[in-house]
There are 4 protein chains.
Amino acid sequence: MPLTADARGVYPIAPTPFFDDGTIDTASIDRLVDFYQSCGCTGITVLGQLGEAPKLEHAEAVDIAARVVRRASALPVIVGVSAPGFAAMRALAREAMERGAAGVMIAPPNTLRTDDQIVGYYKQAAEAIGADVPFVLQDYPLTFSVQIAPGVIRRIVNDVPSCVMLKHEDWPGLEKISTLRGYERDGSMRHIAILCGNGGLFLDFEMARGADGANTGYCFPDMLCDVVRLCGDGRRDEAHDLFDAHLPLLRYEQQPGVGLAVRKYVMVRRGLLSCAAQRSPAAPMPERARLEVDWLLERLARKDARARLGG
Amino acid sequence: MPLTADARGVYPIAPTPFFDDGTIDTASIDRLVDFYQSCGCTGITVLGQLGEAPKLEHAEAVDIAARVVRRASALPVIVGVSAPGFAAMRALAREAMERGAAGVMIAPPNTLRTDDQIVGYYKQAAEAIGADVPFVLQDYPLTFSVQIAPGVIRRIVNDVPSCVMLKHEDWPGLEKISTLRGYERDGSMRHIAILCGNGGLFLDFEMARGADGANTGYCFPDMLCDVVRLCGDGRRDEAHDLFDAHLPLLRYEQQPGVGLAVRKYVMVRRGLLSCAAQRSPAAPMPERARLEVDWLLERLARKDARARLGG
Amino acid sequence: MPLTADARGVYPIAPTPFFDDGTIDTASIDRLVDFYQSCGCTGITVLGQLGEAPKLEHAEAVDIAARVVRRASALPVIVGVSAPGFAAMRALAREAMERGAAGVMIAPPNTLRTDDQIVGYYKQAAEAIGADVPFVLQDYPLTFSVQIAPGVIRRIVNDVPSCVMLKHEDWPGLEKISTLRGYERDGSMRHIAILCGNGGLFLDFEMARGADGANTGYCFPDMLCDVVRLCGDGRRDEAHDLFDAHLPLLRYEQQPGVGLAVRKYVMVRRGLLSCAAQRSPAAPMPERARLEVDWLLERLARKDARARLGG
Amino acid sequence: MPLTADARGVYPIAPTPFFDDGTIDTASIDRLVDFYQSCGCTGITVLGQLGEAPKLEHAEAVDIAARVVRRASALPVIVGVSAPGFAAMRALAREAMERGAAGVMIAPPNTLRTDDQIVGYYKQAAEAIGADVPFVLQDYPLTFSVQIAPGVIRRIVNDVPSCVMLKHEDWPGLEKISTLRGYERDGSMRHIAILCGNGGLFLDFEMARGADGANTGYCFPDMLCDVVRLCGDGRRDEAHDLFDAHLPLLRYEQQPGVGLAVRKYVMVRRGLLSCAAQRSPAAPMPERARLEVDWLLERLARKDARARLGG
């Protein structure tokens, strides 16, 4: 089933599990996928920015995508295919789709500046991977240094039919969601799915602005599922209560550099990963950070039992 | 009393109050200064990044600095003097010091790249304003796009005696504080004050890492004072409880663009400012954002009575 | 006489002459202005990027503008007013115009990214300085890191009537001139003057593409005048012969960093300036560079007698 | 024979020849290699920035490297392996070396900022490709936005033994060569080869500053060979005469964007390539540019017979 503009819910950004020697930990991949399915996720994104994709050989990337697709039989899988050139992007996109991926995700190269350059890039990318491959537009200026105005997203959506979803992580970004939904209401842009990234830092308000869900890798994807569900049910106060309980840790994890180490560390403590290792070059977690995260987990456990982790 | 490396506590970044017609609201300046003094602040910084300094004529800037100095008789006042050229920087620094400022703050121009360029810039700036003017090094890569490695800060501190304080707002930044304090312990860098900015987003951990306090403009500076005091008293859990209660609003205010509007809006609601206006070009607060901030205040009020504001 | 869209010919970017002690060398200003007038320049631009404007106090900047205006009675004078804030920009623009300037020049701050941000900036700037002040849009991505697509220039020109001239120094830029002139021909953009900067590196072809002249600071402005005149007279081969003879030196002078030192050094050797000093912080000319420039001048002198300079 | 720090002469950056349908034109590869050998080149660099490397699939890149190695039996071949991740870089480097390449070339990712980040990156890259693979450090801030101070190059050279050559294309860059050679003289840095890129724009002076030759793709590599040889023979005036004759065209070709189209167009006219096509996304050469290049070739032909090309 190809990805469509009706996607909604939570698509966690899956980390890539490694052992200490750098080999891929396939058992943890399976465990992670099972967990995502069991806690209410509606899809999975692999090989994203924090999936350590650039550290993988092409064949490894294809294998991981294929494994997740097989394991997550019921869920659509999106594969990150961002690359400096269209040849590598096309190769990975085609092979991932052949193995059952539902769509791909494309981030802009950080050299793009003008509106026309950005629109042109996505047109060329869509042509390169093939018009039959649905793709997610990743809008993350903080990391990619590319600022995409709402009107530019509209141009891309209108010009490129295979663009079906926005991974929204502009910052600030609340007004951007409102503006895009306004475009849909006034008929100037067709509907696309908007799932929010940026670590989930504004998920509490993004749903009310019109987002369809979350597309980020926070170490408690089950919380993201709950918040999205509570918002959908109109239980706004409960959604905020739960979100606010997690915010101190979520904010800590959202830091660039150390964030992935925090995510993997908590996932190990939760029993989801066997090992917190990153493939080289790794950004390690200093001992002081580990203690701070333990402290945050302890405090979180008072409000969310899922954070009660054995030592 | 000139600023020294022993500065500590909370130096709020003061907004510049305007009326709707763009004129400066001096009564609000006085009220704000009185409030800062009454709630435990140990200094005040004016004309910073969010003080709308570039929208002020030179004479206006000098007047504001002078007014705050007079009103805040007991507190040291730091004046932001960042400028594209050393002539303007020198002029404002000298005039502010003549009117009683305790020191100045200098951000790096966003064209600096290599370590040597950064060190060279601060040497030249210190020479331009005069060796007798103590200054604060503002380290805010998210806004200024200049990445200053800890070793570069050490070079500046060691080479430029008039550098007495770091406005620490690198992101991520916790390890940076630890590294700098390590330099002091191993004798490779003299002591400087480290006060934390970045909206206060990590203040809960920064104090334990060795920071001396906060130097940021969050709309509840009284909370910042409490957290710094609680941390100093070793009441860690209470500090985190209070901080966490504010974190949803603090995170909302820390957004670029809309942040200053949020800050001024809340300060009006708190009775500190008469008017939330920004001088042109202003980044307005959309109605939806206002409702979100009201919601956050209401929720905050359940935990901190200071947020119980008449509508 | 205010600057209009009919400007043409050569508007040299005047350096600011200093003595070794950093004081302004007014006699050299006068000599320079006289020379510009005598060799066929049709206007003068002061306080541009290479006029060391950020090193001048406000009053000094106004004095220099006023002095050049008085001396260059017959020629329109454009004053660079780029500033980080509209208050300073407005102040300098108004004072310069009161003293007889024909218009001002505004470069974009290097934080602008999207098309809308760029258009918005120029609208606000025009409003700040006043709709009665004609201005030059400086388009120099290599230095300012702002990429302005031709369609964005068209939006600015159409939305802001006081924009009358483009200082064209995009790189590459030949197609941009053709595109803009195409907009004029197809009626989608009103006519503006296009004068070329970027050190003059492509002036030989820019004229044929539709440029109206040069607006740059090369140390032989008399050559620029000749090339523009020869192009206007259809003497294309002669224009290229003269230009090519200067190209080795012109290319050398166009280097960032050392370029201004080269320019001032040659102008001293030509008797136009008394002193090659830059105000601090200065980028000095290494001895090896001096010898290379002397070599280039010697070789140039074989083809252009104006380069035969006493040693 | 692995590349060593004694490399010198001219290593042209080879374009990748394509047919109009995007397939690789192997006959033109052979013809090009034969020409490079016949005109005095001492090595060849393939898959560089202007070799359209990102548009090639991995297997294609390996094939091209292998073909050039076989054909250029007498000459060392350097293979560009720059990649966003070390996995892809390592894979291409190992396969190229197995097929007989003499070394590889690595450009820095444009996210690097501080000195330590740059040094760290090259250490990790050298470790990733293996200590036995000699590599060229590509220093091109204009394109890669990474500014590498001379002291940083020294740190890399001293810390990473497999760094044997600098592709020098900083701008301005003459003083950098002098500084690096000074490091060698004062014993603080071991000797490395310095070959100059940046289109050759300053080759006339770079040789006298201590460069060992050229490493750039100008469409007349035979001219580059002559200039390097004349400089080596102390025939300075002849070297400059020849260089200056080419400078108008060389400057035109050095423009970003249109430069590769110009290069391929002239190489077709010279009979070196069958087709000027670029693989998509291509930067085409407008008709006006073609006429300008024809004009430059005609003028050049008056001074260098090699530019007398049949229409």
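Because the structure is predicted, anything quoted here is derived from the model rather than measured.

**Details of the relation of the copies chain C and chain D**
Here's step 1: Between chain C and chain D, which share one sequence, the superposing operator has a rotation angle of 180° and an axial displacement of 0.0 Å; the RMSD is 0.0 Å. Overall, the copies show the geometry of a two-fold rotation axis. Taking C-alpha positions as the reference, the residue of chain C nearest the rotation axis is Leu 247 of chain C, at 3.8 Å.
Here's step 2: The residues that chain C uses at the interface reappear at the interface of chain D in 100% of cases, marking a shared surface.

**A look at empty space enclosed by the protein**
A probe as big as a water molecule, rolled over the atoms, marks out the empty space that is left.
Residues and elements named next belong to chain D.
Here's step 1: Summed over the entire model, instances satisfying the criterion amount to 10 cavities of 30 Å³ or more.
Here's step 2: The volume enclosed by the largest cavity comes to roughly 90 Å³.
Here's step 3: Taken together, 13 residues make up the lining of the largest cavity; nearest its centre are Ala 14, Pro 15, Ile 29, Val 46 and Val 68.
Here's step 4: Among the elements of the structure, helix H1 (26–38), strand S2 (44–46) and helix H2 (58–71) are those that each provide at least two residues to the lining of the largest cavity.
Here's step 5: If one sorts the elements of the lining of the largest cavity by residue count, H1 sits on top with four residues.

**Observations regarding the packing of aromatic side chains**
Here's step 1: Considering all chains together, one arrives at 28 aromatic pairs over all chains under this definition.
Here's step 2: Aromatic pair Phe 205 of chain A and Tyr 252 of chain B: ring centres 5.6 Å apart, planes at 80°, arrangement edge-to-face. Of this pair, Phe 205 of chain A sits in helix H8 (residues 203–209) while Tyr 252 of chain B sits in helix H10 (residues 236–253), on two different chains. As far as burial versus exposure is concerned, Phe 205 of chain A and Tyr 252 of chain B are alike and both buried.
Here's step 3: The interplanar angle of 70° and the centroid separation of 6.4 Å between the aromatic rings of Tyr 252 of chain A and Phe 202 of chain B together place this pair among those described as edge-to-face. With Tyr 252 of chain A in helix H10 (residues 236–253) and Phe 202 of chain B in the loop between strand S7 (193–196) and helix H8 (203–209), the pair connects residues from two separate chains. Pair check on accessibility: Tyr 252 of chain A and Phe 202 of chain B agree, each one buried.
Here's step 4: In this structure, Arg 154 of chain B packs its charged tip against the face of Tyr 183 of chain B, placed 3.7 Å from the ring centre.

**What about the confidence of the model for chain A?**
Here's step 1: Residues at a pLDDT of 70 or more form 100% of chain A, whose mean pLDDT is 96.
Here's step 2: Model confidence for the complex: the whole-complex pTM is 0.96, and ipTM, which rates the interface, is 0.97.

**Structural notes on the state of the cysteines**
Here's step 1: By the definition in use, this model includes zero disulfides over all chains.
Here's step 2: The cysteine Cys 39 of chain A is free of any disulfide, with Cys 41 of chain A supplying the nearest cysteine sulfur at 3.9 Å.
Here's step 3: Among the cysteines around Cys 231 of chain C, which has no disulfide bond, Cys 196 of chain C carries the closest sulfur, lying 11 Å off.
Here's step 4: Taking relative accessible area as the criterion, Cys 231 of chain C reaches 23% and is therefore assigned partly exposed.

**Notes on the interface of chain B and chain A**
Here's step 1: In this complex, chain B contributes 34 residues to the contact, which on the side of chain A involves 34 residues.
Here's step 2: Summed over both partners, the interface of chain B with chain A buries about 3,300 Å², with 58% contributed by carbon and sulfur atoms.
Here's step 3: Considering only the surface of chain B that becomes buried against chain A, Trp 171, Arg 251 and Trp 295 of chain B emerge as the three largest contributors, covering 20% of it.
Here's step 4: Linking chain B with chain A are 14 salt bridges, by the criterion used here.
Here's step 5: The salt bridge involving Asp 244 of chain B is made with Arg 299 of chain A; its shortest N-O contact spans 3.0 Å.
Here's step 6: Joining chain B to chain A, the criterion identifies 20 residue pairs in polar contact (both at pLDDT 80 or more).
Here's step 7: Contributions of two or more residues to the side of chain B that touches chain A are made by helix H7 (174–185), H8, H10 and helix H12 (287–301) of chain B.

Here is what the cut-offs are and how they apply
Residues numbered from 1 in each chain as written. Chains lettered and ligands numbered in written order. Predicted model: local features only at pLDDT ≥ 70, side-chain atom pairs only at ≥ 80, totals over all residues. Heavy atoms only, no water. Least-squares fit on C-alpha atoms with pLDDT ≥ 70 in both. Contact = heavy atoms within 4.5 Å. 1 Å grid on protein atoms, 1.4 Å probe; cavity = no way out; pocket = protein on both sides within 12 Å on 5 of 7 lines; lining within 4 Å. Points joined across faces, edges and corners; volume = space filled by probe spheres on them. Helix = DSSP H or I, 4+ residues; strand = E, 2+ residues; numbered from the N terminus. Phe/Tyr/Trp six-rings, centres within 6.5 Å; stacked < 30°, edge-to-face > 60°. Buried < 20%, exposed > 50% of the residue type's maximum accessible area, 1.4 Å probe, protein only. Lys NZ or Arg CZ within 6 Å of the ring centre and 35° of its normal. pLDDT = per-residue confidence, 0-100. Disulfide = S-S within 2.5 Å. Buried area = accessible area lost by both parts, 1.4 Å probe. Salt bridge = Lys/Arg side-chain N within 4 Å of Asp/Glu carboxyl O. Polar contact = N/O pair within 3.5 Å; in protein donor to acceptor, adjacent residues only side chain to side chain.

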